[in-house]
Amino acid sequence: MSLAITFIFCLIIARLLYVQTSWSSELKLRASDQWNREIPVIAARGNITDRNGVVLAGNRTTYSVFLRPNAVSNAEYTATVLSGIFNIDPNQLLERIKAGKVSEITVARQVDKQSVEKAISYGLSGVYYSRDNSRSYPYGDALCQVLGFTASDGLGIAGIEKYYNTVLSGADGEIVYSTDIVGNETEKSTVIYREAQAGDNIQLTIDIDIQLAAEEAMKSVYISSQAKAVSCVVLNPQNFDILAMVNYPSYDLNDVPRNDTETLNALTRNVLVSDIYEPGSTFKVVTAAANIEEYLRGNSKAFSNSYVFNSSRTRSVDSTKIKCWSDHSNGKHTNQTLATALNNSCNPCFTDIALSLGSETFYKYLQAFGFGNVTGLDFNGEALGMLVPQSVVRDCDLARIGFGQTVAVTGVQLACAVAAAVNGGNYYIPHLLKSIDSADGKSVSQNKAVLKNKVVSSEASHILAEMLEGVVTEGSGKHAYIEGYKVGGKTGTAQKYEDGHVAQGKYVSSFTGFFPANNPQYLALIIVDEPQGVYYGSTVAAPVAKQIFEDIISIKNIQPYE
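Before going into details, it helps to say that this report is about the structure given with it. The shown structure was predicted, so the numbers you read here are calculated from the model rather than taken from an experiment.

Cut-off values and rules
- Residues numbered from 1 in each chain as written.
- Predicted model: local features only at pLDDT ≥ 70, side-chain atom pairs only at ≥ 80, totals over all residues.
- Heavy atoms only, no water.
- Helix = DSSP H or I, 4+ residues; strand = E, 2+ residues; numbered from the N terminus.
- Contact = heavy atoms within 4.5 Å.
- Areas by Shrake-Rupley, 256 points an atom, 1.4 Å probe, with all protein chains shown as cover.
- Core = buried A, V, L, I, M, F, W, Y, C linked by side-chain atoms within 4.5 Å.
- Buried < 20%, exposed > 50% of the residue type's maximum accessible area, 1.4 Å probe, protein only.
- Salt bridge = Lys/Arg side-chain N within 4 Å of Asp/Glu carboxyl O.

**Quick notes on the overall build of the protein chain**
Moving on, step 1. Secondary structure assignment for the protein chain yields 19 helices and 21 strands.
Moving on, step 2. By its C-alpha atoms, the protein chain is 105 × 65 × 45 Å across when sized along the principal axes.
Moving on, step 3. Long-range contacts, defined as pairs at least 24 residues apart, comprise 72% of the intrachain contacts of the protein chain with a sequence gap of at least 6.
Moving on, step 4. Here the protein chain has roughly 25900 Å² of accessible surface; of this, 49% comes from carbon and sulfur atoms.

**Section: the nonpolar core**
Moving on, step 1. By size, the foremost hydrophobic cluster in this structure holds 101 residues, and its most contacted members are Met245, Phe350, Leu366, Phe369, Phe371, Ile401 and Leu464.
Moving on, step 2. Beyond its immediate stretch of four places on either side in the chain, leucine 366 contacts Phe283, Val286, Phe371, Leu387 and Ile401.
Moving on, step 3. Core analysis: the second largest hydrophobic core is formed by 33 residues, Val221, Ala227, Cys232 and Ala545 among them.

**A look at unusual backbone geometry**
Moving on, step 1. Of note, the amide linkage connecting tyrosine 248 to proline 249 takes the cis form, showing an omega dihedral of 15°.
Moving on, step 2. With respect to the helices, strands and loops of the structure, proline 249 is situated in the loop between β10 (241–248) and α10 (261–267).
Moving on, step 3. With an omega dihedral of -15°, the bond running from phenylalanine 515 to proline 516 counts as a cis peptide bond.
Moving on, step 4. Along the chain, the position of proline 516 falls in the loop between β20 (501–515) and β21 (522–529).
Moving on, step 5. In the Ramachandran plot, serine 319 falls in the positive-phi region, its phi being about 65° despite a non-glycine side chain.

**Overview of the environment of isoleucine 401**
Moving on, step 1. Examined against the element boundaries, isoleucine 401 turns out to sit in helix α15 (residues 395–401).
Moving on, step 2. In sequence terms isoleucine 401 and phenylalanine 350 are 51 residues apart; their C-alpha atoms lie 8.9 Å from each other.

**Here's the deal with the pattern of salt bridges**
Moving on, step 1. Evaluation of the coordinates by the stated rule reveals 14 salt bridges.
Moving on, step 2. Between aspartate 352 and arginine 315 there is a salt bridge whose closest N-O contact spans 2.9 Å. With a gap of 37 residues between them, aspartate 352 in helix α14 (residues 347–368) and arginine 315 in strand β11 (residues 314–317) connect regions that are remote in the sequence.
Moving on, step 3. Residue aspartate 352 is classed as buried on the basis of its relative accessible area of 18%.
Moving on, step 4. With a closest N to O distance of 3.1 Å, aspartate 397 and arginine 394 form a salt bridge.
Moving on, step 5. On the basis of relative accessible area, aspartate 397 is assigned to the buried category, the value being 10%.
Moving on, step 6. The network of salt bridges with shared partners includes Arg45, Arg135 and Glu161.

So this is what it looks like as C-alpha cells:
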C-alpha cells in the first residue's frame, strides 16, 4: 500500500514539474490572452504606381470590428445589432459568441466609418474596432489582370499584388492593455503600443498614358470585330520594360466578382503571360533572323538576301503538302527574295529556310529566342509555350515551325523575341518592376535591365528591321503605316485547333510592330482571338497598332522622321 501511495505521489510531482517546464510558455500565453486585450494596428499597404509616379493601387481608410465573447453581456442582442449593421448572418454570429471556443471573433473587415460609428452608438460590451486599409484602384478596370487584387485581410491574391505581396504588406502593430477576467479594461490598465510598419511602395515600368491608349484601342477592336477576346503588350525594345499590358474583356478592380468563381478565373487571367497560342506568320520574324545571321556567318545552307525562292505555291514534305495562303495567281509571289517573302508572308519560302538550316541550327535559334521556356517576367503563372523536342522533330514539323505552325507561344514570349530580333540582337529579361521605395520615400532598390542572350548580331538585326519596315510601307502591314515615321512590323493569321483538328472559321489575327524602325523604342503585339467576318491580321490587327503608335507619338510629342 505504501509503495502505491509513493508511486502516485511521484507521478503527481512529475506532472507538476512537467507543467512548470514544458507547458510554462504556453500557459503564460493563455494567461496573457485572458488578462490582456490586443487591438491590431493594421500596417498601411504600399502603393503601386506607374513609371511616372501616378498611383495605380492605393489605400482608403476603413475599419475592422472585433468581439470578445466572454465580455459580451447580452449575446442575442449583440448578434442582432451587429448583423443588421454589417449584413452578416445573426444566427451564425450568435453561435460563435456562445460557443466560447476562441477569445476573439472578427465580426467584419474593411467597413466604413459610418457603420462603425453606428455600432459604437449602441454601447455594446465586448465589441471594439481598429483602423485598417482597403485597396483602392483609381483606374477601375485598366491594367486589372496585371495589378491583381487583395483579400479582405489585405493579402495579395492575384497579379502584382500577389507577386510582390511581401514587399507591399509591411508589418502590423498592436495596442495591448490589461483587462479583468471577462475582458473589461481595468482601472489601472497599462497600455503598450507597438507601431505598425508600412509596406514599401512599388513603381512599375507601366506608363499609364500608354496603357489607357492601348486599352481604348483594344476595346474598340473587340467591339468592331466581335472577337472572343483581345490582348496587347507594349514594351521598350531597348530594355524590355513593359509599358502597357491589356487583356479584354476585363473587370473593375474596385468591384471584383468574388462570388462567381468561374467568371473570376476567366476575367482575372493574364493571357499574355499564362496562355499559349499558335502565332502564325508573326513567327516568320524569328525564321528570317536566323537565316540572315547564318548567312552572315558564312553558312552555305542559309539564303542570301538576293536569293530568289522557288515561286511554286506548294512544297511537299514527308508526304505532306504545304501551301501558301495566296493562290499565286496575281504574280506577286514570283521572283521573291527574303524581303518580298516577308512582305507577302509566303509560307513556302520560310519552309525552305527552316529545312535548309536543319533542326540543329534552327533549334539553336529557337532556344536562344526563348521558345519552350519562360521569359523570366516578374509575374506568377508564366507558361513555357510548346515546342516539339528537337530529338523527335520531323521535317514536316520543322517546315511548319518555320512559318509559325506546330509551335505555341505566349504573347510575352513572342513580343520579347521580336524585340530582340530588331533591337540589335539583345534579349533582356522582361520586367514590370522599375523600383521599390520605402513609405518615407527612400530608395530601397532599382531594377536594372538584365541581358539574357545575344540572339543575333547587330548587323543581322539592322538588316531584318529594314525588311520589316518594308512590310509596313509596301507589304501586308501597310495598315500600320504612319506618314513621317519609320514603322516596321509583321502580320499574322493563324487557324485555331480544337481536339487536334482545325476549328473551321476560327482564327487568331495578330500584328507585331515597332518604331522607329532604325532605332526601336516602342514595340506592340496585337492579338485578336476569333474575330468575326474579316479575320486577316493585316486588316484586323495592324490598324490597332497604328492607332496605339499614333497615340504614343502624341503623348510623347515624338517629331516626324527627317
